[in-house]
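Read off the chains here:
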Amino acid sequence: MAPVIEAIGLTKKFGTTTALDGLDLTVHEGEVHGFLGPNGAGKSTTIRVLLGLLRSDGGTVTLLGRDPWTDATELHRQLAYVPGDVVLWPNLTGGEVIDLLGRLRGGIDEGRRMELLEAFELDPTKKGRSYSKGNRQKVALVAAFASDVPLLVLDEPTSGLDPLMEKVFQEHLARVRAEGRTVLLSSHILSEVETAADRVSIVRAGRIVDSGTLTDLRHLTRTSISASLARPLAGSEAGGWPGVDSAREDCDRIVLSVETSAVGDVLQRLGAHGIEALTCQPPTLEELFLSQYRDTLTDPAPREEVPA
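Overview of the structure. (Residues numbered from 1 in each chain as written. Predicted model: local features only at pLDDT ≥ 70, side-chain atom pairs only at ≥ 80, totals over all residues. Heavy atoms only, no water.)

## Details of helix α3 (residues 94-104)
Thought 1: Those residues of α3 lying buried are Gly94, Gly95, Val97, Ile98, Leu101 and Gly102. All buried residues of α3 fall inside an arc of 160° around its axis, so they share one side. For α3, the exposed residues set more than 90 degrees away from the buried face come down to Arg103 and Leu104.
Thought 2: Buried residues in α3 make contact with α4 (110-119) and α5 (133-146).
Thought 3: A positive phi of about 90° marks Gly106, the residue just after α3. (Buried < 20%, exposed > 50% of the residue type's maximum accessible area, 1.4 Å probe, protein only. Helix = DSSP H or I, 4+ residues; strand = E, 2+ residues; numbered from the N terminus. Arc of directions from axis to C-beta. Contact = heavy atoms within 4.5 Å.)

And the structure:
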């Protein structure tokens, strides 16, 4: 089965600025795919190319088996898009906007619409000009989740939402996933992606630098092991074990940073000293992300994307 989204070698320049530099991205049917990267990495440019809003300078891209540039009108009937800063028609009510977007996508589930309005605590009778940023996001999210489309493209969708509404978003995203629909989720909120995503792609300087499930990507960093032992162990001794990247003593515990492949051997060695308490923490998505950007964290002037 062909991927829902497939980009191979995408390039895009704005003058002397290279926004996409041979980007490869594959999103399979029925998955929530996290798309991660800081501002200027190329996420928004990629999404604009996928939506047919920009034409790439090179490479190939297909969306639902079609070319997003030549078949944009047909494709937009089969996808729902939520940007990070929603702009509404000022004189239309939120309900009218939801209905309009639903008709463009071939119809809307009225029962789902009412359920979503209640869940997101959105008043659909207010004019677009009176909505706060968070409520504008809610209008777009209700329209997207209530539409019966196979693909959702969500670009910072919870921007402006409070924590309670972020939880509601996660619940309905899980529902979409259970229905077998496909989601491309671009977000700066790493915990949001970690909760929802089946697979993750990390973009840096216009290229995908790593892609896979969280299990696949956990080879990029170390597992943290903290143990209280019956017979104390010096950090200098444990630091010499194969696969141990670092070791230190913290009060009555020893804390190790261990290569994932060496965790079993290290636990056996610790067991010889009598384990009384043990914490073994696999790397989080945030640690995986930072492992790709650690050398640029002190850069005072990151590259910015050029707006379309």
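Alright, that's what it looks like, and here's the rest.
## What about the sheet that holds strand β10 (residues 223-229)?
The strands making up a sheet associate through backbone hydrogen bonding, with each pair oriented either parallel or antiparallel.
Thought 1: Taken in spatial order, the four strands of this open sheet run β11-β12-β10-β13, and their pairing is antiparallel. Strand pairing shows two members of the sheet lacking a second neighbour, β11 (244-250) and β13 (275-281), which therefore form its edges. Here the average twist between neighbouring strands, direction ignored, is 15°.
Thought 2: Relative to β13, β10 runs antiparallel, the two sharing six bridges. (Pairing = 2+ DSSP bridges. Axes fitted to C-alpha atoms, helices over the stretch in contact; angles between N-to-C directions.)

## Here we look at the packing of aromatic side chains
Thought 1: This structure, assessed with the given rule, holds one aromatic pair.
Thought 2: Over the aromatic face of Phe14 sits the side chain of Lys12, whose NZ or CZ is 5.6 Å from the ring centroid. (Phe/Tyr/Trp six-rings, centres within 6.5 Å; stacked < 30°, edge-to-face > 60°. Lys NZ or Arg CZ within 6 Å of the ring centre and 35° of its normal.)

## Here's the deal with the nonpolar core
Thought 1: One finds Ile5, Phe120, Leu152, Leu185 and Val200 to be the most contacted residues of the largest nonpolar core, which totals 70 residues.
Thought 2: It is α5 that contributes the most residues to this core, eight residues altogether.
Thought 3: Setting aside anything within four residues of it in sequence, one finds Val200 in contact with His33, Gly34, Leu36, Val193, Asp210, Ser211, Gly212, Leu214, Leu217 and Leu285.
Thought 4: By size, the runner-up hydrophobic cluster in this structure holds 14 residues, among which are Leu229, Ala238, Leu256 and Val263. (Core = buried A, V, L, I, M, F, W, Y, C linked by side-chain atoms within 4.5 Å.)

## Considerations on the pattern of salt bridges
Thought 1: Considering all chains together, one arrives at 15 salt bridges under this definition.
Thought 2: Put simply, Glu74 and Arg77 hold a salt bridge, and the shortest N to O gap is 2.9 Å.
Thought 3: Close ionic contact of Arg181 with Glu179 constitutes a salt bridge, the shortest N to O distance being 3.0 Å.
Thought 4: Put simply, Arg112, Glu115, Arg175, Glu179 and Arg181 are held in one network by salt bridges that share partners. (Salt bridge = Lys/Arg side-chain N within 4 Å of Asp/Glu carboxyl O.)

## What to know about helix α1 (residues 43-50)
The periodicity of an α-helix, 3.6 residues per turn, causes residues three or four places apart in sequence to face the same way.
Thought 1: Along α1, six of the eight residues are buried, which leaves the element largely enclosed by surrounding structure.
Thought 2: Taken together, the buried positions of α1 are Lys43, Thr45, Thr46, Ile47, Val49 and Leu50.
Thought 3: Following α1 by one or two positions, Gly52 has its phi on the positive side, about 80°.

## Some words on the sheet that holds strand β8 (residues 199-204)
Thought 1: Read from one edge to the other, the open sheet built from six strands follows the order β5-β6-β7-β3-β8-β9, with strand pairing classed as mixed. Because the sheet does not close on itself, it has two edges, and the strands there are β5 (79-82) and β9 (207-212). Across this sheet, the average inter-strand angle for adjacent strands is 15°, counted without regard to direction.
Thought 2: With four bridges connecting them, β5 and strand β6 (residues 151-155) associate as parallel partners. Each residue of the ladder has a partner; that of Leu79, found in β6, is Leu151.
Thought 3: α5 rests against β5 and β6 of the sheet, and its axis sits at about 165° to β5.
Thought 4: Contacts between helix α11 (residues 285-293) and the sheet are confined to β3 (32-36), β8 and β9, with β8 contributing the most and set at about 25° to the helix.

## Observations regarding the side chain of Lys43
Thought 1: Looking at the element boundaries, Lys43 is found in helix α1.
Thought 2: Comment: no salt bridge for buried Lys43; closest opposite-charge side chain is Glu156, at 4.7 Å.
Thought 3: Within the structure, Lys43 has its side chain in polar contact with the backbone oxygen of Gly37 (distance 2.5 Å).
Thought 4: Looking at Lys43, its side chain comes within polar contact range of the main-chain oxygen of Pro38, at 3.4 Å. (Lys, Arg positive; Asp, Glu negative; His and termini not counted. Polar contact = N/O pair within 3.5 Å; in protein donor to acceptor, adjacent residues only side chain to side chain.)

## Looking at the packing of α4 against α5
Thought 1: The geometry of α4 relative to α5 is characterised by a closest axis approach of 9 Å and an angle of 150° between their N-to-C directions. The angle between α4 and α5 places the two elements in the roughly antiparallel class. Crossing of α4 against α5: the hand is right-handed. Contact residues: α4 offers Arg112, Arg113, Leu116 and Leu117, while α5 offers Val142, Phe145 and Ala146. (Parallel < 35°, antiparallel > 145°, perpendicular 65-115°, else oblique. Left-handed = near helix turned anticlockwise from the far one by under 90°.)

## Regarding the side chain of Thr223
Thought 1: If you trace the backbone, Thr223 turns up in strand β10.
Thought 2: The class for Thr223 is buried, based on a relative accessible area of 5%.
Thought 3: Apart from the residues within four sequence positions on either side, Thr223 is in contact with Leu256, Ser257, Val258, Thr260, Val263, Cys280, Gln281, Pro282 and Pro283.

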